[in-house]
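# Geometric and topological summary
The residues making up each chain are set out below.
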Amino acid sequence: MNAYAGTWPLTRAALRRDRVFVTVWVLLLVVVVYASASATVSIYPTAADRVQAAEAINSSPAIVALYGPILDVRSEGELAMTKLTVLYAAFVALLFLVLVRRHTRTEEESGRAELLGATAVGRDAQLAAAVLESGSVAAALGILAAVACVVGGLPVVGSIGFAASWVGVSWVAIGLTAVACQLSASARTCAALAGAGIAVLFGLRVVGDTGPEWVSWLSPFGWSTRLRAWSEPRWWVLLLYAVLGAGLVVSARMLQHGRDLGSGVLAARPGPAHGSPRLADAFALTWRVHRTMVSSWTVGVAALGLVMGAIAPGVGDLLDTDAGRQVIESLGGVGALQDALVAAVLSIAAVVVTCFAIAVVGHGAGDERDGRTEQVLATAVTRSRTFVATAVISLGGASWLLLVTGAGAALGLGMQAGGGAGDLGRFAGAALAQSPAVWVVAAAALLLHAFGSRLAVVAWALLASCFAIGQVGELLKLPDAVTGLSPYTHLPAMPVESFAATPTIWLTAIAAALTVTAWWRYRERDIG
Amino acid sequence: MTEPVIAVHGLVKDFGGTRALDSLDLSVARGQVHGFLGPNGAGKSTTIRALLGLLRVDAGTATVFGLDPWADGVAIHRRLAYVPGDVALWPNLSGGETIDMLLRMRGVEPASTARGALLERFDLDPTKRGRAYSKGNRQKVALVAALAAEVDLLVLDEPTSGLDPLMEQVFADCLAERVEAGTTVLLSSHILSEVERLADRVTIIRSGRAVESGTLAELRHLRRSRVVAEVAGTPPDLSLLAGVTDVRVEGQTLTCSVAPEAMSDVLAALTAAGVRSLTSAPPTLEELFLEAYRPEATVTR
């Protein structure tokens, strides 16, 4: 039997399984591309406007750290796509992390891969199908993104170059995830490894773009800028993605040949023979299940905060252009600019941390579907406690992570500029103040779960919509009634803006109402 | 007479448009091992889940220890242990951690239980992670957690699925010890020999309805016997008698199926014809269950 036998039907099955999820994600990305393209064309009609805006971006290390630099300040396309070339490429990478893992390690962990492997399916077919499926999705995303750019009013060649950089990043993400999924028997650990890999590549680019430029050449995210899609494209850069992606996929295949189905390259360590006396109720169990995720997220957001905080003090030194000085003045001085960076990071952190909160709820839903919750509820543990344990880890964990982000930013700033405890309190407070928006989305996830464990995944669509509203709302000049649907738009951008009690109270009240309704509903419904 | 440990009357549960339980009755007395038999999808697990308070029923009543599982679940759960039909473990928790956690959640301190002995008898390695266990070993984890401590009631949903015959025997021994100590058992299964070996009473359920209930002897009694007789004279025409079916005559030998109430008439007729040899075999359990399992339309009464 051919090792690739069955690849084609598996690929089709995978595409069919992903049709809703992929369509939503791809469309969101394409809409943001179109919105950015068309908005930039109308906001900056003349070359002078564009140069001014581009120089302002380049002179702010904070923005460069998040979005990457603009190499050709006269280019309309590069200005329009600056955010999308780098930061959004990370969301593109995330899509392929989810896709590849879903069709490789998750299938193995659930035992479905074994079921398939026993049929007329070759041993390389499942990995090949995952790569082929996500590769086709990447191609489709690239075509649509290029079309969206052109329709938005940008030059054709540049649009193709930009879209090709997304496809390139997709390729690397596919290869990276394929390798990560060979390493551990746990789908969760594999996702963490692949996520860490993407984060490291993004981090290298941050370092390179704000420091020694050669470091950016180590990261596919750095290549995306240096492809110079919008002026004299260096097409050979596309080869870098292709070689790295292909190399990773080949490595994944080799690693797979060296291991048994269902096991990982890294052997699982045996666990304790006895349970800890504290592992005796729903809270302890939920904590035990999530503690690794909480720690790795804590490390991740702490690093994010530290890096951003450490970059912030450089703001003043680099602003030697007229445009830069104008930006500073309009924002209220160098100190205010540092705060603006922290505020920007915190608003992104709020959305990122919501992913954690939803993942915790989704895990609770998975426990119910698989029958683990049933075993717990057949003991002296009440439904209330099971539910509250999930809610506390989800909502409380999200606030904790925000706090860590803020504290990390203050520490990073302190290490560079010698700031005092004042920054720590200010930034930590500003971070915590984002909590109510996160709680609203997390509480909505709890409510969905309380109406049926199968509904919990809808929360991801909810988060994606809120995020999309925040991103394109301003560009497309959507009415307040629409942008107001996203809880994130209601909170002030602390520490730049001052604390606002009204939205905080309202959002907290809404989150509380959703959570209590969810709690009540969960106690009344059938389990399983 | 003491109140039954489990009392179910006219239980109805609908899932969307399908009726999973259709006026189900079930009664399990204290100290009894009650076999709960039925084909796949008959409603065994749904009944158990209703008894655990995991499902809200649409009509009828169910009590465990005289309490309502929906309202007083925790009070009931303190006195029982449950083994689900398809055991899912926490992927990152070791078997030992899972067992201890489930025991502690029931308010039992693992050190005071037969946990260690059971691990040895079931030949289970408690240091493996949940995801690394095979199906049979996952089942063992749940069985050890359920059998380690004394409880008033064991609710076992197809407890031996995935166990090898050796382990089935270990399970049977452990269960017998628990029963000796006074534990009541609800044993759901579709494996006939298992129930025959372990259970005192049996309820057979089909399409959410109890179709038979009683001791195995009683159930047998309800069923037709296979009679083979050799007569000296002309074989009598037994097909005219009520309760007699499948009559076949070959020379002097006559075979037929006889309902219990028709047996004396058949014997009289055979005696009159000068019976030389006679065998009457009760239905095998296999036949009994196959008939009970058969879908409604094809059941001949």
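Residues numbered from 1 in each chain as written. Chains lettered and ligands numbered in written order. Predicted model: local features only at pLDDT ≥ 70, side-chain atom pairs only at ≥ 80, totals over all residues.

The name that an unreviewed UniProt entry assigns to chain B is ABC transporter ATP-binding protein, with the source organism given as Nocardioides agariphilus. Quoted verbatim from the Sequence similarities (unreviewed entry) heading of the UniProt record, the comment on chain B is "Belongs to the ABC transporter superfamily." UniProt, in its Subcellular location (unreviewed entry) section for chain B, records the words "Cell membrane". (UniProt positions renumbered as here; feature names shortened; annotations may be inferred.)

Naming follows an unreviewed UniProt entry, where chain A appears as ABC-2 type transport system permease protein of Nocardioides agariphilus.

The secondary structure content of chain B amounts to 10 helices and 13 strands. Viewed in the frame of its principal axes, chain B has a C-alpha envelope of about 75 × 40 × 40 Å. For chain B, with 301 residues in total, the buried portion stands at 44%. A separation of at least 24 residues holds for 70% of the contacts in chain B among residues at least 6 apart in sequence. (Helix = DSSP H or I, 4+ residues; strand = E, 2+ residues; numbered from the N terminus. Buried ≥ 20, exposed ≤ 12 C-beta atoms within 10 Å, placed from the backbone. Contact = placed C-beta atoms within 7 Å.)

Turning our attention to the packing of helix H20 (residues 435-451) of chain A against helix H21 (residues 458-475) of chain A. Residue and element names in this part refer to chain A. Remark: H20 packs on H21, axes separated minimally by 9 Å, with the N-to-C direction vectors making an angle of 155°. For the element pair H20 / H21, the angle class is roughly antiparallel. For the crossing formed where H20 meets H21, the hand is right-handed. Residue-level inspection shows Val441, Ala444, Ala445 and Leu448 of H20 in contact with H21, the latter providing Val458, Ala459, Leu462, Leu463 and Cys466. (Axes fitted to C-alpha atoms, helices over the stretch in contact; angles between N-to-C directions. Parallel < 35°, antiparallel > 145°, perpendicular 65-115°, else oblique. Left-handed = near helix turned anticlockwise from the far one by under 90°.)

With omega at 5°, the peptide bond leading from Met494 of chain A into Pro495 of chain A counts as cis. You can see Pro495 of chain A is positioned in the loop between helix H22 (480-483) and helix H23 (501-524). Its identity is not glycine, yet Ser23 of chain B carries a phi of approximately 60°, on the positive side. The topology assignment puts Ser23 of chain B in strand E2 (residues 18-28). We note that Asp123 of chain B has phi near 55°; this positive angle belongs to a residue other than glycine. Here Asp123 of chain B shows up in the loop between helix H4 (115-121) and helix H5 (135-147).

Let's shift gears to the sheet that holds strand E1 (residues 6-15) of chain B. Residues and elements named next belong to chain B. Reading across from one edge, E2-E1-E4 is the order of the three strands in this open sheet, with antiparallel pairing throughout. Strands at the two margins of the open sheet, each flanked by one partner only, are E2 and strand E4 (59-64). Strand-to-strand, the axes of this sheet are offset by a mean angle of 25°, without reference to chain direction. Both E1 and E4 contribute to a ladder of five bridges, which runs antiparallel. (Pairing = 2+ DSSP bridges.)

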